[in-house]
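Chain by chain, the residues:
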There are 2 protein chains.
Amino acid sequence: VVTRFDEETRTAITHLLLPDLRAALETNPESAVALFDELHGADAADLLARMEIEEVHRLMMHFPAPEAARILEFVDPSTAVRYLEETPGERTADILEEMDPDEAADLISHLEEKEQAEILGQMEREEREDAEELLRHGEDTAGRLMTQQYVTVRLDDTAAAALEQARVAAREEWSVGAVFVVDEDEVLKGKLTLRSILAAHPDTPVREVMEDLPPAVHVDVDQEQAASIMSKYDLITLPVLDDHDRLVGIVTVDDVVDVLIEEGTEDVQMLGAMEPLEHPYFETSFWSLTRKRGLWLSLLFLAQTLTGNILHHNSKILADWIWLAIFLPLIISSGGNSGSQSATLITRALAVGEVHIRDFLRVLYREVGTGFALGVFLGGLGIIRALLWKTGIDVALIVMLATLAVVTMGTLIGSMLPLIFKKIGLDPAITSSPFVASLVDISGITIYLLIARAVLM
Amino acid sequence: VVTRFDEETRTAITHLLLPDLRAALETNPESAVALFDELHGADAADLLARMEIEEVHRLMMHFPAPEAARILEFVDPSTAVRYLEETPGERTADILEEMDPDEAADLISHLEEKEQAEILGQMEREEREDAEELLRHGEDTAGRLMTQQYVTVRLDDTAAAALEQARVAAREEWSVGAVFVVDEDEVLKGKLTLRSILAAHPDTPVREVMEDLPPAVHVDVDQEQAASIMSKYDLITLPVLDDHDRLVGIVTVDDVVDVLIEEGTEDVQMLGAMEPLEHPYFETSFWSLTRKRGLWLSLLFLAQTLTGNILHHNSKILADWIWLAIFLPLIISSGGNSGSQSATLITRALAVGEVHIRDFLRVLYREVGTGFALGVFLGGLGIIRALLWKTGIDVALIVMLATLAVVTMGTLIGSMLPLIFKKIGLDPAITSSPFVASLVDISGITIYLLIARAVLM
């Protein structure tokens, strides 16, 4: 079922433009530029992504600055920097002036340091100062994510004045979702959603319809926390305050949607035991990908050589009881799997705020309990398998006890590590499944051989 | 650094109300209800979560219906159903009438089937029809996620008329982000953001300022796709159309933020090899948690018993060459780890649209290349470790070749499975790290022993 409006149709229509666009670019670049007029910025960005980089460089020379800005706001900043490589600094500055300050600052931060200073020097004062202000805040903070394009009224103003301010914002193409109420020192006093402004009688003073003490964040707050607050309170705009509760910017929901997707990707990649990629999959170079994976793989490999040491130390019992070697992968992988489950569960629950560090004991009881229950069940399966293989009762007993112990321990390690990492200020997502599996392998083999010795000797 | 507005302060202040609230609830329930007047719905929901269920039941009896609705919109629907357990059907119907239709439908869908019919029967006709319409659409579709609370104008109307419609919506407390332009058959013709309405001269016909063919989705589209379109086009509202391109609802961005978080949690839990939980961690019962984890663990355990069969079949060579058993965990876990990385990478890239099924060959070349490079490196580490242990050159050679082969194969399996699962209509996130690790264990042991036999015999 398709409609004329759906994304696939839009994408297909956009791509049909490609041959015309290429032909026009050869003969008459102005008419090539005109082909973009009717396209949504996001569709135009799609189209650029399908072109050769040299073609994009040529288009960037011919786009009017506002048109280039409109499209580049939908392009990943590292890609946008590549698009602008051949564009003279002065023109790049013109384009950045037309972009939202947060998008402009994001793009500038992806330039080489030398270029940053050069481009900023060529921007108009107001836009330059806005960008510099944002760049002063750390990456991934609310202060970097915010924009300064918002409007304010005073406590004594009326709903009509607030609506007039919303009109001013609309003509500047700023966010009009809310008008903020501040005192003479720019200290935030309240928030007016456009809904409350429109619903109120024009003469109503804003203090009667505003929300007092609306949810807000400090400039230094992590962007992930800003996103979680906007999600909790269902906000379209979130005010950002300095140390004195003065309004210095707003975070808009479209940025938060991007943050959620980006942070989700980072978490998932860390859970897969690799350094997060900075760019989309196909835009990451082969060697960068290999390096980001190789680092963790090598660490895990070196840790795993410990399993060899332990087994080497027990060569004799292994050679005498070959059944022990046969059941080894089964038992340690069960511990790794249950540990992976716990680690994933707790890491995600921490990320979305369902679990906090203070819940340490509750998590401990719950996970050890679950691990024990799972261990009893899998141990039962293990003893059945061993008896069917006629390993003898001693080996069957070892398999059952070891499975129970290793699964319980895996759950314990997997659930506690994210909490411990968070507590000491590391990202809980370091507790990847392979990381947990390796730890459980090492301790699991030890437990397994201890149990075997106890039963057999 | 805190401000008076930040979430922690708000939460702390809210919790200070708890003793007063409890005292009031004992003596004078009306005054307990009054304590909620000044609280944001999300904070009020937090407060309810800290109370005993019996206390919440009593509060629900005394809340005016609009107040109960305002708070319940911020409560997880399965929890909201528990809160309303003791509330008579007629009152529950009153509360649902005051909620946004999408939230009301969500709550109703969490009731027992018998109760659903009873409650719907007690609702006013208009609200009942809205809810029934939403419930007709499948779970996780745009048609279920949307709301019918939007306003429309015709092509010949002016910007002033559109603003008047926005006022109507505002007084009804509907979303005012956009006004939609439809023809006499309700077919979508265009979209007016509130920004474009405010920026336009009041007499301008809407057809001159509207966006033609705005991005939209069909009612049957998956909610995850609706979210990705809103993210791509930076939308606050997304129109939802029926088979004839008639506007039947809108999806608002706050729902999309919730969808992104919910789908992120599901994906992460599946990647951790468990069935996704339906409720937050601590609200999931011990046995439900154990069951959802036990299912996958048992399947993986049974699959892993195959490793025992393979090893059993090779008992003699293992007993003769105990070094082979000693290196076994190291080699197969390297394959599992590299496979986990690939699986996680490709699953996430598929989820966010960076990779599509048509990229099959590109992914194949890239991942096999990366796997080979990683395998050469880890194989190098392996041969060094073996030589340091003085295993003899034949075992060292086996370790190197087996590591190279198993890591390359792990990467191949890990990267191809998500694409294959997606192709046959399954969720690619089934390709969890433990799942990949188990598959690689089985095939890795086979490869390892084949290489060992080739070298030693």
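The residue numbering used here restarts from 1 in each chain and proceeds along that chain's sequence as written. To label them, take the chains in the order written and letter them from A, then take the ligands in the order written and number them from 1. For a predicted model such as this one, the threshold for reporting local features is a pLDDT of at least 70, and the threshold for listing and counting side-chain atom pairs is 80 or more; totals across whole chains, interfaces and linings nevertheless cover every residue. Working from all heavy atoms in the structure, the side-chain values ignore hydrogens and water.

For the rest of this paragraph, the subject is the interface of chain A and chain B. Here, residues are in contact when the closest pair of their heavy atoms is within 4.5 Å. Opposite the 134 residues of chain A that make contact, chain B presents 135 residues. For any pair of parts, buried area is found by adding up, for both, the accessible area (1.4 Å probe) each one loses once the two are put together. Between chain A and chain B, a total of about 12100 Å² is buried, with carbon and sulfur atoms accounting for 65% of that surface. Here, a salt bridge means any Lys or Arg side-chain nitrogen found within 4 Å of an Asp or Glu carboxyl oxygen. At the junction of chain A and chain B, the tally comes to 4 salt bridges. We note a salt bridge from Asp 46 of chain B to Lys 232 of chain A, for which the minimum N-O separation is 2.8 Å. Definition of a polar contact: a pair of N or O atoms within 3.5 Å, with one able to donate and the other able to accept a hydrogen when the atoms are protein atoms, and with sequence-neighbouring residues admitted only if both atoms are side-chain atoms. Counting every contact that joins chain A to chain B gives 28 residue pairs in polar contact (both at pLDDT 80 or more). Per-element accounting of the side of chain A that touches chain B gives the leading share, 20 residues, to helix α19 (residues 322–351) of chain A. Throughout this entry, Asp, Glu, Lys and Arg are counted as charged residues, while Ala, Val, Leu, Ile, Met, Phe, Trp, Tyr, Cys and Pro are counted as nonpolar. The remaining residues, Gly among them, count as polar. Among the residues making up the side of chain A that touches chain B, the classes are represented as 67 nonpolar, 38 polar and 29 charged. In DSSP terms, a helix is any run of H or I states spanning at least four residues, a strand is any run of E spanning at least two, and both are numbered starting from the N terminus.

This part takes up helix α7 (residues 89–98) of chain A. The classification of residues rests on relative accessible area computed with a 1.4 Å probe and restricted to protein chains. Under 20% of the type maximum is buried, over 50% is exposed, and intermediate values are partly exposed. Those residues of α7 of chain A not exposed but buried are Gly 89, Thr 92, Ala 93, Ile 95, Leu 96 and Glu 97 of chain A. At its buried positions, α7 of chain A is contacted by α5 (65–72), α8 (101–109), α9 (113–122) and α10 (125–136) of chain A.

Residues and elements named next belong to chain A. Restricting attention to buried positions, one finds in α9 the residues Gln 116, Ile 119 and Leu 120. Viewed end-on, α9 has its buried residues packed into an arc of 100 degrees, placing them on one side of the element. Facing away from the buried side of α9 by over 90 degrees, the exposed positions are Lys 114, Ala 117 and Gly 121. In this description, one arc is meant: the one made by directions from the helix axis to the C-beta atoms.

Residue and element names in this part refer to chain B. Side-chain rings of Phe, Tyr and Trp, where Trp is taken by its six-membered ring, are said to pair if the distance between their centres is within 6.5 Å; with planes under 30 degrees apart they count as stacked, over 60 as edge-to-face, and otherwise as tilted. Counted by the stated rule, this structure contains 16 aromatic pairs over all chains. Judged by centre distance (5.0 Å) and plane angle (85 degrees), the rings of Phe 36 and Phe 63 are edge-to-face. Here Phe 36 is found in the loop between α2 (29–34) and α3 (41–49), whereas its partner Phe 63 is found in the loop between α4 (53–62) and α5 (65–72), with 27 residues between them in sequence. Looking at Phe 36, the relative accessible area reads 0%, which means it is buried. Residue Phe 63 is classed as buried on the basis of its relative accessible area, which comes to 1%.

Okay, the sheet that holds strand β6 (residues 237–241) of chain A next. Residue and element names in this part refer to chain A. Overall, mixed pairing links the 3 strands, which are arranged β5-β6-β7 in an open sheet. Only two strands of the sheet have a single neighbouring strand rather than two, namely β5 (217–218) and β7 (247–252). Contacting β5, β6 and β7, helix α15 (residues 223–232) crosses the sheet at an angle of about 135 degrees to β6. When DSSP finds two or more bridges between a pair of strands, those strands are recorded as paired. To get an axis, a line is fitted to the C-alpha atoms, and for a helix only the part in contact is used. The angle between two axes follows their N-to-C directions and goes from 0 to 180 degrees.

So, on to the environment of Gly 414 of chain A. Residue and element names in this part refer to chain A. Tracing the sequence through the fold places Gly 414 in helix α21 (residues 393–423). Sequence separation of Gly 414 and Ala 437 is 23 residues, and the distance between their C-alpha atoms is 8.8 Å. Sequence-distant contacts of Gly 414, defined by excluding residues within four places in its chain, comprise Gly 339, Ser 342, Ala 343, Thr 431 and Val 436.

Okay, the nonpolar core next. Side chains of a nonpolar character, in soluble globular proteins, are inclined to be buried together. Counting residues in hydrophobic clusters, the biggest one holds 98 residues, and the most contacted among them are Leu 324, Phe 327 and Tyr 448 of chain A together with Leu 324, Phe 327 and Tyr 448 of chain B. Contact partners of Leu 324 of chain A, with chain neighbours within four places excluded, come to Ile 317, Leu 318, Ile 398, Tyr 448, Ala 452 and Leu 456 of chain A. The criterion is simple. A nonpolar core is a set of buried Ala, Val, Leu, Ile, Met, Phe, Trp, Tyr and Cys residues joined through side-chain atoms within 4.5 Å. Counting 46 residues, the second largest nonpolar core, distinct from the first, contains Ala 42, Ala 142, Met 230 and Val 259 of chain B.

The phi dihedral of Glu 173 of chain A falls on the positive side, at around 60 degrees, and the residue is not glycine. Tracing the backbone shows Glu 173 of chain A in the loop between α12 (159–171) and β2 (178–182). On the basis of relative accessibility, which here comes to 54%, the residue Glu 173 of chain A falls in the exposed class. You will see that Leu 213 of chain B, though not glycine, has its phi angle at about 40 degrees, which is positive. For Leu 213 of chain B, a relative accessible area of 38% translates into the label partly exposed.

Judged by side-chain charge, Asp 76, Asp 106, Glu 139, Asp 140, Asp 222, Asp 258, Glu 262 and Glu 283 of chain B come together as a negatively charged surface patch. Within the secondary structure, Asp 106 of chain B is located in helix α8 (residues 101–109). Any residue with relative accessible area above 30% and no salt bridge may belong to a patch, with like charges joined within 9 Å and the nonpolar Val, Leu, Ile, Met, Phe, Trp and Tyr side chains within 5 Å. Computed with a 1.4 Å probe, the accessible areas rest on the Shrake-Rupley method; for each residue, only the protein chains presented here act as cover. In this count, Lys and Arg are taken as positive residues and Asp and Glu as negative ones, while His and the chain termini are left out. For charged residues, the charge sits on one atom: NZ in Lys, CZ in Arg, CG in Asp, CD in Glu.

The next point concerns the pattern of salt bridges. On inspection of all chains with the given rule, the structure shows 24 salt bridges over all chains. We note a salt bridge from Arg 167 of chain A to Glu 164 of chain A, for which the minimum N-O separation is 4.0 Å. Taken as a pair, Arg 167 of chain A and Glu 164 of chain A lie in helix α12 at a separation of 3 residues, close to a single helical turn. Judged by its relative accessible area of 16%, Arg 167 of chain A falls in the buried class. Residue Arg 136 of chain B is joined to Glu 133 of chain B by a salt bridge in which the shortest nitrogen-to-oxygen separation is 3.1 Å. One end of the pair is Arg 136 of chain B and the other is Glu 133 of chain B, both in helix α10 (residues 125–136) and 3 residues apart, which spans about a single turn. Relative accessible area serves as the criterion here: at 61%, Arg 136 of chain B is assigned to the exposed category.

Below, the discussion takes up the pairing of strand β7 (residues 247–252) of chain B. Residue and element names in this part refer to chain B. With 5 of 6 residues buried, β7 lies mostly within the body of the structure. Pairing analysis gives 5 bridges linking strand β6 (residues 237–241) to β7, with the strands arranged antiparallel. Note that in β7 the partner of Leu 238 across the bridge is Val 251. Following β6, the chain reverses through 5 residues before pairing antiparallel with β7; Asp 245 in that reversal takes a positive phi of roughly 60 degrees.

Another aspect to go through is the pairing of strand β3 (residues 188–193) of chain B. All names here are of chain B. The pairing of strand β2 (residues 178–182) with β3 spans 5 bridges and is antiparallel. Across the sheet, the residue bridging to Val 182 is Leu 188, located in β3. Two successive antiparallel strands, β2 and β3, enclose a turn made up of 5 residues, where Glu 186 displays a positive phi of approximately 70 degrees. Pairing analysis gives 2 bridges linking β3 to strand β4 (residues 211–212), with the strands arranged antiparallel. Within β4, the residue paired with Lys 191 across the bridge is Glu 211.

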